[in-house]
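Next come the chains, spelled out residue by residue.
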Amino acid sequence: MREMTCIVCPIGCQLRADPTKMTVSGNRCPRGRKYALEELTSPRRTVTSTIRIIHYQKPEHDAQLSAMQSALVSGRPMEDCDRSAFKPLVDFFCPSANHIEGRLPVKTAQDVPKDRIEDIMQAIHHLVVTTPIHMGDVIIDNIADTGVALIATRTLLEL
Amino acid sequence: MLFYMVITMTKPSSDKADVVIIGGGVVGTSIAYSLSCYDLRVILLEKDNDVSLGATRANSGIVHAGYDPIPESLMARLNVEGNRRMSALCKDLDVPFETCGSLVISRSEEEDQIIQQLYERGIRNGVPELKILSADATLDREPYLTRDVHSSLFAPSAGIVMPWTLCIAMAEVFARNGGEIRLETCVSGLNSSTSGIRVQTNRGDINARFVVNAAGLFSDEIHNMADRPDFKILPSRGEYYLLEKNQGKWAKSVIFSCPSPITKGVLVARTAHGNLIVGPTSETISDKEDTSTTAEKLHEIREKASSLVPCINFSENIRNYSGIRANSDRHDFIIRRVPSVPGLIDVAGIKSPGLAASPAIGPYVVDLLRREGLQLQMNSSILRDPNRLKRKVVRFHDMSPQERASLISTDTRYARMVCRCETVTEGEIRDAIHAPLPARTIDAIKRRTDAGLGRCQGGFCAPRIAAILAEELHIKPTDILQDKEGSYLFTGPTKIAPESTCDAVAVTKADTISGRTDSMPAEVKHCALAIIGAGPAGLAAASKAYAEGITDIIVFERDKETGGILNQCIHTGFGLRVYNETLTGPEYAERAAKEIENTDISIFTDTMVLDIRSDRLITAVNRKDGLFFCHADAIILAMGCRERTRGAIAIPGSRPSGIWTAGTAQRYMNIEGCMIGSQAVILGSGDIGLIMARRLMLEGIHVKACVEVMPEPGGLSRNIAQCLEDFNIPLLLSHTVTEIKGKERLESVVIAQVDSKRDIIVGTEKEITCDTLLLSVGLIPENELTKQAGLTLDKNTGGPYVVNATTCLTDGFFACGNVLHVHDLVDDVTLEAHKAAYEAAAFLKANGNIHIDDKESISGPMSSVTHTQNTPNSLRILPSDAIRYVIPQYLSLPINNDIIDISFRVRQSYERAEIIIRRSDKLEVYRERKSHVKPGEMQKIHFSSSMLMAPEINQNVDLILDITEGN
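These numbers were taken from a predicted model, which means no experiment stands behind them.

### Comments concerning the overall build of chain B
Move 1: Broken down by element type, chain B carries 23 helices and 54 strands.
Move 2: Relative to the globule expectation of 30 Å for 967 residues, the C-alpha radius of gyration of chain B, 30 Å, shows essentially globular dimensions.
Move 3: Along the longest, intermediate and shortest principal axes, the C-alpha atoms of chain B span 95 × 75 × 60 Å.
Move 4: Split into buried and exposed, the 967 residues of chain B put 62% on the buried side.
Move 5: Considering only contacts within chain B whose residues lie at least 6 apart along the sequence, 70% involve residues at least 24 apart.

Next comes the structure, spelled out in structure tokens:
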């Protein structure tokens, strides 16, 4: 008999699953049974993380920027102050005039085998996308050969 | 002026100086400031990366009146003289200072005698207006004092000042007038010669005619470099509590307990910022830089201070710290020429009242130098413009609305709020970085602008300040320091892969989702409904109110985008109830935002609400509209909550970088893309802590343990399973962190087991090496605006009192989400926000302020709604002792809702519980059995209102919610 906490919903039922008879008790809904049986045979999880995203600044923005830079406000040059306080910190590792780097939240479109999570995290390290990205966009349709897609979980039109 | 400063700061330093001052504390900078007006080459050397980092930054901030020093001593003379000069000096330098007076409290006849002696000493020292007050007169002045007051010594000339602000201000004026400050410069030798003294440093030697040794704790070591040992510094550590501003009211003056030969007293005082400072202890230590705090000493402070001012609430603590006094083996200050070393002046052993004496020490030392042969010729540019010795800084916090508006019209950077607790703007942060003595670290910014000094201790502003520092100083995030060298914040970016192996991905586009459209009307004067906060509560309230026919809505959001904290909650588990599927936080936020996308609801992002009045006049500020006012017919408060910080749980130990609240760490990892360390311990098993345990493991930071003081976990069971158990992270229940170690960056934590009373079990201590400690120790509803609006808060929820579901006791105010009480699930927040929208819409319709589909008529000031309290006609719901809190606290009469929803939290867990609602006339109206009831999980019950009705109910009857062990 294996005891486990159901992770399907916030209630967190205490499940008891019998690996030989493949029976489940303690679940308040059918999803709990499905979860427990999967835990016994091949446990699966949804992986969420972030990937690198780069926003190339548009030429018209650059023009606007240099106009702002040449304007003097209270005796000192006005910089790109509309953005800097809100730029992702990671952008300052390699500051560049023509792009901003940030992070895009992503998830696996379905649950993936638990023992593949590490491979997925490794694969995620190598991904870079550019704006615009919309929620639900498929970043990669088969992440780390799991057969599961990695999708964007938010819209980022710019950074 | 800026141009001039840059030149003097950057030109190659010559190796000669008229005067070298060693030490950038308040003493060294006071001397430097006093020399600024002369034509001299003066170099100030400081071993750390900023001035004021020694005793100056951690002391009581008291400007003593001068009754304490022994008469005729130098200390007595400089104390009284310094006190006399302080006010004008602070005015010139724009440093917060207040002459609030001080009281030494006597509680016995023996203490009356000590006070009499102090009085006589004070008179001899020339302390002005000193008098002894009777018990009644003392309590008249300080009504919150203990009742056993006998008498007190009142010194009206005592005051409070921000010590580091004073020190920095003097350093800035010195630098602006051509003085040179060399930071991170350590003196390694002093060689006397005929022409002067050769000062050896890690950054080259300097030939100086005069050297002033103002090295504080290290002044004996500096002295010994040039001369045979004479005096010795005996470091004495003092620990402090710094409490929230709401505690500042307990002390009008500086309150000292009476010193006795056996125990040194404590003081309770308001700081120049309005916080309450309590301390210090006194303990001789060997390590001159060990500014740790200890459990015993913090306990001692609580005991002593509570006996003096009983109503101090130490759970309102925001920070503990300790400072080290540079006491010497002499009774008096040591300010004198060193006879055997021509040109060397010792300014040492400047113990308390050194801060009070500092305005007099500078001129005194200048006079000493003059007598030693230093030529003092007034600088011609200062003769032309004496204002060069003054300073003025922008402090948005202290400005009137008119001043704020005019400041913003000159530079809109003053319209973007960076620190919400202390109301510090982006402009002020940038000013500090470009000041004559530039701020280069997060703490240096704090010392200059107060950003991060407030109740959230930098949780909100630090990422923004870090970005500004990185941009202005052209440094990488890994080079951003919290404080001294070595106190780094980040170890690198997340998702580091060699550039060559990065895969630029061709993204498959999802079908049809358009971006959010935010509208910003240029002028706003009035709206039907204002919603403060565009997190899940604010967004849901806006869409539901719109659906209810309220179309004239403005949502105020301080961040650049809507969604609130959900944007950083990139994990799944949201939305099962509201959207019937499992979503990540950003997905939930985007869905909520989409619901108002095609409406004409105005969303003001990057906009900070500065004030709300009880008549619903909102003052807000943003870069586009500047400072503006908006009168709302109804307001829904949806500001969310903030995290409890280290101060709230008063963990003793040192104060290195690497200690984060879990939510701040989440922002750094998930949005800012910065790695926060390599090995972590998590304190507290709240959901955010558990979620972050998994995040750290996934992203490559090893989590060594999750430590929980309670016997059971605080977060949801499923998070224990999927965040800890999945990653084999040990969960140590009934354990806590007892000490923090590490000088600049966290090096280890000590954990120990606790007993049922949460007292530490001696002998169970274990040290865990780690560079990162995450705190997940609770959330506090963010109700500063609510308080400004005059609403009273329920101590149990931390939010405003509400009737029915979300209606506040002041007309036209509604509250929902975490500002009302902290929720476990965002779905519950959304549903509560819907109720707030219904209730607000009903209020607007009932008061005739809204005519559906006729927007034109909604203009002009509110007239029909007056400021009333909703309580008289309602029924109270009271929690029993077993219940931590209940929402709502009132039901309005007559009850017309069919179903009554009640949310509550319990104090302990129950395997099987009976939830009972009784009337105060003992009649039971509701009973429900429930299993697995835990303090960490919000409980909800629903019942038909008919159950309350018979026999008839009225406002004289209360409802009592209780829970007992079931069977």
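### With respect to the sheet that holds strand E2 (residues 14-18) of chain A
Residue and element names in this part refer to chain A.
Move 1: The antiparallel open sheet is built from 3 strands, whose spatial order is E1-E2-E3. Looking at which strands have only one partner, the edges of the open sheet turn out to be strand E1 (2-5) and strand E3 (23-25). Neighbour-to-neighbour, the strand axes of the sheet open up by a mean angle of 25 degrees, direction not taken into account.
Move 2: The sheet contacts of helix H1 (residues 30-41) involve E1, E2 and E3, and relative to E1 the element is tilted by about 125 degrees.

### Regarding the pairing of strand E31 (residues 617-622) of chain B
Residues and elements named next belong to chain B.
Move 1: Taking burial as the measure, the 6 residues of E31 include 6 buried ones, the bulk of the element.
Move 2: Note that strand E30 (residues 608-612) and E31 share 4 bridges and pair antiparallel. Considered in E31, the bridge of Asp611 is made with Thr619.
Move 3: The turn linking E30 back onto E31 is made up of 4 residues, and Arg616 within it adopts a positive phi angle of 70 degrees.
Move 4: With antiparallel pairing between neighbouring strands as the criterion, E31 and strand E32 (residues 626-637) make up a hairpin whose turn holds 3 residues.

### Some remarks on the packing of helix H12 (residues 426-433) of chain B against helix H13 (residues 442-449) of chain B
Residues and elements named next belong to chain B.
Move 1: Here H12 crosses H13 at 110 degrees, and the two axes come no closer than 10 Å. Between H12 and H13, the interaxial angle falls into the category roughly perpendicular. As for how H12 packs across H13, the hand of that crossing is right-handed. Residues Glu428, Ile429, Ala432 and Ile433 of H12 touch H13, and the partners they reach there are Ile445, Arg448 and Thr449.

### Some details on the domain arrangement of chain B
Residues and elements named next belong to chain B.
Move 1: Per the domain assignment, the segments of chain B are domain 1 (2-56 + 164-232 + 330-382), domain 2 (102-156 + 235-325), domain 3 (396-493), domain 4 (526-642 + 781-857), domain 5 (645-777) and domain 6 (871-965).
Move 2: Measuring from the centre of the C-alpha atoms in domain 3 to the corresponding centre in domain 5 gives 27 Å.
Move 3: For the pair domain 3 and domain 5, the summed buried surface comes to about 1400 Å²; carbon and sulfur atoms form 59% of the total.
Move 4: Of all residues in domain 3, Pro463, Tyr488 and Phe490 bury the most surface against domain 5, accounting for 34% of the area lost on that side.
Move 5: On the surface where domain 3 and domain 5 come into contact, there are 0 salt bridges.
Move 6: Counting across the interface, domain 3 meets domain 5 through 7 residue pairs in polar contact (both at pLDDT 80 or more).
Move 7: Looking at the side of domain 3 that touches domain 5, the elements with two or more residues in it are helix H14 (462-473) and strand E23 (492-493).
Move 8: With 3 residues, the top contributor of residues to the side of domain 3 that touches domain 5 is H14.
Move 9: Across the side of domain 3 that touches domain 5, the residue classes tally to 8 nonpolar, 7 polar and 4 charged.

### A few points about the packing of aromatic side chains
All names here are of chain B.
Move 1: Evaluation of the coordinates by the stated rule reveals 13 aromatic pairs over all chains.
Move 2: Measuring from centroid to centroid gives 5.8 Å for Phe814 and Phe843, while their planes differ by 65 degrees, and the two rings are edge-to-face. Separated by 29 residues along the polypeptide, Phe814 in strand E46 (residues 813-815) and Phe843 in helix H22 (residues 826-846) bring together distant segments of the chain. Summarising the burial analysis for this pair, Phe814 and Phe843 share the class buried.

### Considering the interface of chain B and chain A
Move 1: Taken together, the contacts link 77 residues of chain B with 59 residues of chain A.
Move 2: With both sides pooled, the region where chain B packs onto chain A buries about 5900 Å², and carbon together with sulfur makes up 55% of that total.
Move 3: Three residues, Arg413, Lys495 and Arg718 of chain B, lead the burial of chain B against chain A; their summed loss comes to 11% of the area buried on that side.
Move 4: On inspection of chain B and its partner chain A, the count reaches 4 salt bridges.

### Here's the deal with the environment of Ser192 of chain B
Residues and elements named next belong to chain B.
Move 1: Mapped onto the fold, Ser192 is located in strand E10 (residues 187-193).
Move 2: A relative accessible area of 44% means that Ser192 is categorised as partly exposed.
Move 3: As a C-alpha pair, Ser192 and Glu708 span 516 residues in sequence and 60 Å in three-dimensional space.
Move 4: If we skip the residues at most four places from it in the chain, Ser192 touches Ile197, Val341 and Pro342.

### Thoughts on the packing of helix H2 (residues 26-35) of chain B against helix H6 (residues 163-176) of chain B
All names here are of chain B.
Move 1: In contact at an axis separation of 8 Å, H2 and H6 are set at 35 degrees when each is read in the N-to-C sense. Judged by the sense of rotation from one axis to the other, the crossing of H2 with H6 is left-handed. Across the interface between the two elements, Val26, Thr29, Ser30, Ala32 and Tyr33 of H2 pack against Leu166, Cys167, Met170, Ala171, Val173 and Phe174 of H6.
Move 2: Here the contact of H2 with H6 is composed, by residue class, of 9 nonpolar, 2 polar and no charged.

### A closer look at the nonpolar core
Move 1: With 78 residues, the main nonpolar core has Leu104 and Ile139 of chain A together with Ile676 of chain B as its most contacted residues.
Move 2: Element by element, the count of residues in this core is highest for H14 of chain B, at 7 residues.
Move 3: Ignoring anything within four residues of it in the chain, the contact list for Ile139 of chain A reads Ile51, Leu104, Val106, Leu127, Val129, Ile133, Leu150, Ile151 and Ala152 of chain A together with Val505, Ala506 and Val507 of chain B.
Move 4: Within the second largest apolar cluster, 57 residues are counted, among which are Ile31, Met75, Leu93 and Ala175 of chain B.

### Re the sheet that holds strand E50 (residues 899-906) of chain B
All names here are of chain B.
Move 1: The 3 strands lie next to each other as E48-E50-E53, forming an open sheet whose pairing is antiparallel. Two strands bound the open sheet, and with one partner strand each, they are strand E48 (883-887) and strand E53 (939-944). Across the sheet, the axes of successive neighbouring strands diverge by a mean angle of 25 degrees, strand direction being ignored.
Move 2: Bridge analysis of E50 against E53 gives 6 bridges, and the strand direction is antiparallel.

### Details of the side chain of Arg395 of chain B
Residues and elements named next belong to chain B.
Move 1: Inspection of the secondary structure puts Arg395 in the loop between helix H10 (380-384) and helix H11 (401-410).
Move 2: Of the residues examined, Arg395 reaches a relative accessible area of 17% and is grouped as buried.
Move 3: Here the side chain of Arg395 touches Asp94 through a polar contact of 2.7 Å, landing on its backbone oxygen.
Move 4: Contact partners of Arg395, with chain neighbours within four places excluded, come to Asp94, Val95, Pro96, Thr165 and Glu428.

### As for helix H7 (residues 219-226) of chain B
Residues and elements named next belong to chain B.
Move 1: All buried positions along H7 are accounted for by Ser219, Asp220, Ile222 and His223. End-on view of H7: buried residues confined to an arc of 160 degrees, all on one side of the axis.
Move 2: Residues of H7 that are buried sit in contact with strand E1 (16-22), E10, strand E12 (206-213), strand E19 (334-337) and strand E20 (344-348).

What counts, and at which threshold
- Residues numbered from 1 in each chain as written.
- Chains lettered and ligands numbered in written order.
- Predicted model: local features only at pLDDT ≥ 70, side-chain atom pairs only at ≥ 80, totals over all residues.
- Heavy atoms only, no water.
- Helix = DSSP H or I, 4+ residues; strand = E, 2+ residues; numbered from the N terminus.
- Rg over C-alpha atoms; globule rule 2.2 N^0.38 Å.
- Buried < 20%, exposed > 50% of the residue type's maximum accessible area, 1.4 Å probe, protein only.
- Contact = heavy atoms within 4.5 Å.
- Pairing = 2+ DSSP bridges.
- Axes fitted to C-alpha atoms, helices over the stretch in contact; angles between N-to-C directions.
- Parallel < 35°, antiparallel > 145°, perpendicular 65-115°, else oblique.
- Left-handed = near helix turned anticlockwise from the far one by under 90°.
- Domains from an automatic or database assignment.
- Buried area = accessible area lost by both parts, 1.4 Å probe.
- Salt bridge = Lys/Arg side-chain N within 4 Å of Asp/Glu carboxyl O.
- Polar contact = N/O pair within 3.5 Å; in protein donor to acceptor, adjacent residues only side chain to side chain.
- Nonpolar A, V, L, I, M, F, W, Y, C, P; charged D, E, K, R; others polar.
- Phe/Tyr/Trp six-rings, centres within 6.5 Å; stacked < 30°, edge-to-face > 60°.
- Core = buried A, V, L, I, M, F, W, Y, C linked by side-chain atoms within 4.5 Å.
- Arc of directions from axis to C-beta.

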